[in-house]
Amino acid sequence: MRCPSCSAALSPYSYGEQTIDVCPECHGIWFDPTELSIVAQEMIQKERIADPEAKDAFKVRCKPIDRNEPEKMCPRCEIPTEVFNYSYDSNVFLNRCTRCRGVWADAGELERTAKYIKGNPAVNMYAESLAKDLANRYKKSLICRLLTSRILSGLVALLYLGGALFTGDSETLWRTATFLVFPLVCIWFSDAMGNYTGFIGFRSPPISQKTPGVFIALGGWLFLLSPLIVAALSSFK
Ligand SMILES: [Zn+2]
Ligand SMILES: [Zn+2]
């Protein structure tokens, strides 16, 4: 991707969980949609913006749009970007692509955006809730990842097999191995199984809707842990 200001090649740069594209020559930054507010919010949270600066930034009125400025092209779509006032009244003028909604910030404009967000409580609250939403989504996906973890379920299966081996009885070992097949298939291939629609047998009605893989994985886990659950329940009696 080429810099919209000076045509130098942009280089990717990791900021927290975002990968932004920075111009090594003019230090402008390209943000894909939503990256700008997330990076600005992270700058604020990491205390990179001092309080007095933030207060001043909200009051300062920057220079108006220079209409004679050469057009900046979107580095992704290669069409002209439009100039816009961040959050309508920040007077931080950034460039935005009307097609991919990516945003270009010249050197220093990211800091000014962050200062504006910090200095404006309403915007700040909104940006904070955005960041919280993202964190929640991340948490949810962590649960999904645990449920569909092949390593975790594989370890549990190995524990069962180990226990069966310990009894020294080949019949128990064989039964344990057969028992493990169904839950492991559910957990390991939950997405593929959830996506399956159609007939599962002669008598049963066809499956007409996709099942979220995570439910299948959850079912697999319940089945996998059922001997332990039964054992735990019977020990209460
Ligand atoms: Zn540049
Ligand atoms: Zn674009």
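About the criteria used
For every chain, the first residue of its written sequence is number 1, and the numbers climb from 1 along that sequence. Written order decides the labels, with chains lettered from A and ligands numbered from 1. Residue-level local features of this predicted model are given only where pLDDT is at least 70; pairs of side-chain atoms are given and counted only at 80 or more, and the full residue set underlies all totals for whole chains, interfaces and linings. Side-chain measures here rest on the full set of heavy atoms in the structure, leaving out hydrogens and waters. Atoms of type N, O and S within 2.8 Å of a metal are treated as its donors, and for Na, K and Ca the window is 3.2 Å; water is not considered, so some sites may appear to be missing partners. Any site counts as irregular unless it has four donors with all angles between 85 and 135 degrees, making it tetrahedral, or four or six donors with opposite ones more than 155 degrees apart and the rest between 65 and 115, making it square planar or octahedral. Under the scheme applied here, a residue whose accessible area is under 20% of the maximum for its type counts as buried, over 50% as exposed, and between as partly exposed, the area being computed with a 1.4 Å probe on protein chains only. For two strands to be treated as a pair, DSSP must find no fewer than two bridges joining them. Counting from the N terminus, the helices are DSSP H or I runs at least four residues long and the strands are E runs at least two residues long. To obtain each axis, a line is fitted to C-alpha atoms, and for helices this fit is confined to the stretch in contact; angles are then taken between N-to-C directions over 0 to 180 degrees. In what follows, residue pairs with any heavy atoms lying within 4.5 Å of each other are defined as contacts. By salt bridge we mean one thing: a side-chain nitrogen of Lys or Arg within 4 Å of a carboxyl oxygen of Asp or Glu. Aromatic rings from Phe, Tyr and Trp, taking only the six-membered ring of Trp, are treated as a pair when their centres fall within 6.5 Å; an angle between ring planes under 30 degrees marks them as stacked, one over 60 as edge-to-face, and anything in between as tilted. Here, a charge over a ring is recorded when the distance from Lys NZ or Arg CZ to the ring centre is within 6 Å and its angle to the ring normal is within 35 degrees. Nine residue types can take part in a nonpolar core, namely buried Ala, Val, Leu, Ile, Met, Phe, Trp, Tyr and Cys, and a core is a set of them joined through side-chain atoms within 4.5 Å. Here a polar contact is taken to be a pair of N or O atoms separated by no more than 3.5 Å, where protein atoms must pair a possible hydrogen donor with a possible acceptor and residues adjacent in sequence count only if both atoms sit in side chains.

**Some details on the coordination of the zinc ion (ligand 2)**
All of the protein donors around the zinc ion (ligand 2) are Cys74 (SG), Cys77 (SG), Cys97 (SG) and Cys100 (SG); their distances to the metal are 2.2 to 2.4 Å. One way to put it: the 4 donor atoms around the zinc ion (ligand 2) meet at angles of 106 to 113°, and that makes the site tetrahedral. In terms of primary sequence, the donors binding the zinc ion (ligand 2) are separated according to C-x2-C-x19-C-x2-C. Like Cys74, the residue Cys77 is buried in the burial classification.

**What about the sheet that holds strand S4 (residues 82-85)?**
Across the sheet, 6 strands lie side by side as S1-S2-S3-S6-S5-S4; this open sheet has antiparallel pairing. The outermost strands of the open sheet, each flanked by one partner alone, are strand S1 (11-15) and S4. The mean angle between the axes of side-by-side strands here comes to 35°, regardless of whether they run parallel or antiparallel. For S1 and strand S2 (residues 18-22), the ladder comprises 5 bridges, and the chain directions are antiparallel. Bridge assignment links Tyr15 to a residue of S2, and that residue is Gln18. Of the strands in this sheet, S1, S2, strand S3 (29-31), strand S5 (93-96) and strand S6 (103-105) are in contact with helix H1 (residues 35-45), which crosses S2 at around 100°.

**Quick notes on the coordination of the zinc ion (ligand 1)**
Protein ligation of the zinc ion (ligand 1) involves Cys3 (SG), Cys6 (SG), Cys23 (SG) and Cys26 (SG), the donor distances falling in the range 2.2 to 2.3 Å. Relative to the metal, the 4 donor atoms surrounding the zinc ion (ligand 1) lie at angles of 103 to 124°, and the coordination shape comes out tetrahedral.

**Some remarks on the pattern of salt bridges**
Counted under the stated rule, the structure contains 4 salt bridges. We note a salt bridge from Arg76 to Asp32, for which the minimum N-O separation is 2.7 Å. Note that Arg76 is positioned in the loop between helix H2 (51-59) and S4 and Asp32 in the loop between S3 and H1, a separation of 44 residues in sequence. On the accessibility criterion, Arg76 (43% relative accessible area) is partly exposed.

**Digging into the packing of aromatic side chains**
Using the criterion set out here, one finds 4 aromatic pairs in the structure. Summarising the aromatic geometry, the rings of Phe182 and Phe223 are spaced 5.1 Å apart at their centres and angled 75° between planes, so their arrangement reads as edge-to-face. Taken together, the residues Phe182 in helix H6 (residues 170-188) and Phe223 in helix H8 (residues 213-236) connect sequence positions 41 residues apart. Pairwise contacts between aromatic rings join Tyr160, Phe179, Phe182 and Phe223 into one cluster. Across from the ring centre of Tyr15, 4.7 Å away, lies the NZ or CZ of Lys46, which sits over that ring.

**Re the nonpolar core**
Counting 20 residues, the largest nonpolar core has Phe31, Leu36, Tyr86, Leu94 and Leu110 as its most contacted members. The set of elements that each furnish at least two residues to this core consists of S3, H1, S6 and helix H3 (109-119). Sequence-distant contacts of Leu36, that is, excluding residues within four places in its chain, are made with Phe31, Tyr86, Leu94, Val103, Leu110 and Thr113.

**Quick notes on the side chain of Thr113**
The residue Thr113 is located in helix H3 in this model. Under the relative-accessibility criterion, Thr113 is labelled buried at 0%. Side-chain polar atoms of Thr113 contact the backbone oxygen of Glu109, separated by 2.7 Å.

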